[in-house]
Amino acid sequence: MNLIVAVDNNWAIGNKNQLLVRIPNDHKHFREETTGKVVVLGRKTLETFPQGLPLKNRTNIILSKDKNYQVKDAIVVHSIDELLEELKNYNDEDIYIIGGDSVYKQMLPYCDVAHVTKIDHEYEADAYFPNLDKDEEWEIVADSDEQTYFDIAYQFLKYVRRK
């Protein structure tokens, strides 16, 4: 199972239910990785999308504790156990955890690949991703050249869980 996330130097991922920064090439990378695949996200993350709608050309699975919560064109599950049961219907390599922070933290133990956009900046934040650089279970196996968007430097990293 994969996860995909953009983090700053402190492994921050968001502030006040918003991304820290919008980098067009990061969004393109996200689309290329996840189109045609299964994306798993929390309700609050879904509500940050345009019109609060599921992502097109993907199977969207929303995790929400609210038993009455429904989303057109998405599968809604209400617990990690229910989510894991639903995910058995898909190939592991086609599943991407896309946030937010509580979904990342709950699903990290089930993931073997992490696609991380590392942004060389420190933002004000209230949501964080676990620091994979300090976790001996994870190692970087691929990285892009440093890229820039205006004055923001970033790079794409691929981490894998050590077997």
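Residues numbered from 1 in each chain as written. Predicted model: local features only at pLDDT ≥ 70, side-chain atom pairs only at ≥ 80, totals over all residues. Heavy atoms only, no water.

Further remarks concern the environment of Phe 49. Topologically, Phe 49 is positioned in the loop between helix H2 (43-46) and strand S5 (59-63). A relative accessible area of 15% places Phe 49 in the buried class. Taking the C-alpha atoms as reference points, Phe 49 and Asn 89, separated by 40 residues in sequence, lie 25 Å from one another. For Phe 49, the contacting residues outside a window of four places in its chain are Leu 41, Leu 55 and Ile 98. (Helix = DSSP H or I, 4+ residues; strand = E, 2+ residues; numbered from the N terminus. Buried < 20%, exposed > 50% of the residue type's maximum accessible area, 1.4 Å probe, protein only. Contact = heavy atoms within 4.5 Å.)

Two aromatic rings are characterised by how far apart their centres lie and by the angle between their planes. Applying the stated criterion across every chain yields a total of five aromatic pairs. Between Trp 11 and Phe 129, the aromatic rings sit 6.2 Å apart at their centres with planes inclined by 25°, giving stacked as the arrangement. Note that Trp 11 is positioned in the loop between strand S1 (2-7) and strand S2 (12-15) and Phe 129 in the loop between strand S9 (127-128) and strand S10 (138-143), a separation of 118 residues in sequence. Each member of the pair, Trp 11 as well as Phe 129, carries the same accessibility label: buried. With 5.7 Å between their ring centres and 75° between their planes, Tyr 154 and Phe 156 make a pair best called edge-to-face. Judged by relative accessible area, Tyr 154 falls into the buried class, the value being 3%. (Phe/Tyr/Trp six-rings, centres within 6.5 Å; stacked < 30°, edge-to-face > 60°.)

What follows covers helix H1 (residues 24-34). All of the buried residues in H1 are Asp 26, His 29, Phe 30 and Thr 34. Looking straight down H1, one finds that the buried residues subtend no more than 110° of arc, so they occupy a single side. Gly 36 sits one or two residues past H1 and shows a positive phi near 80°. (Arc of directions from axis to C-beta.)

This part covers the environment of Glu 137. For Glu 137, the position within the fold is in the loop between S9 and S10. The exposure class of Glu 137 is partly exposed, given its relative accessible area of 41%. C-alpha of Glu 137 to C-alpha of Arg 162: the two residues are 25 residues apart in sequence and 5.4 Å apart in space. Ignoring any residue separated from it by four or fewer positions in sequence, one finds Glu 137 in contact with Val 160, Arg 161 and Arg 162. Among the polar contacts made by the side chain of Glu 137, one reaches the side chain of Arg 161 at a distance of 2.2 Å. (Polar contact = N/O pair within 3.5 Å; in protein donor to acceptor, adjacent residues only side chain to side chain.)

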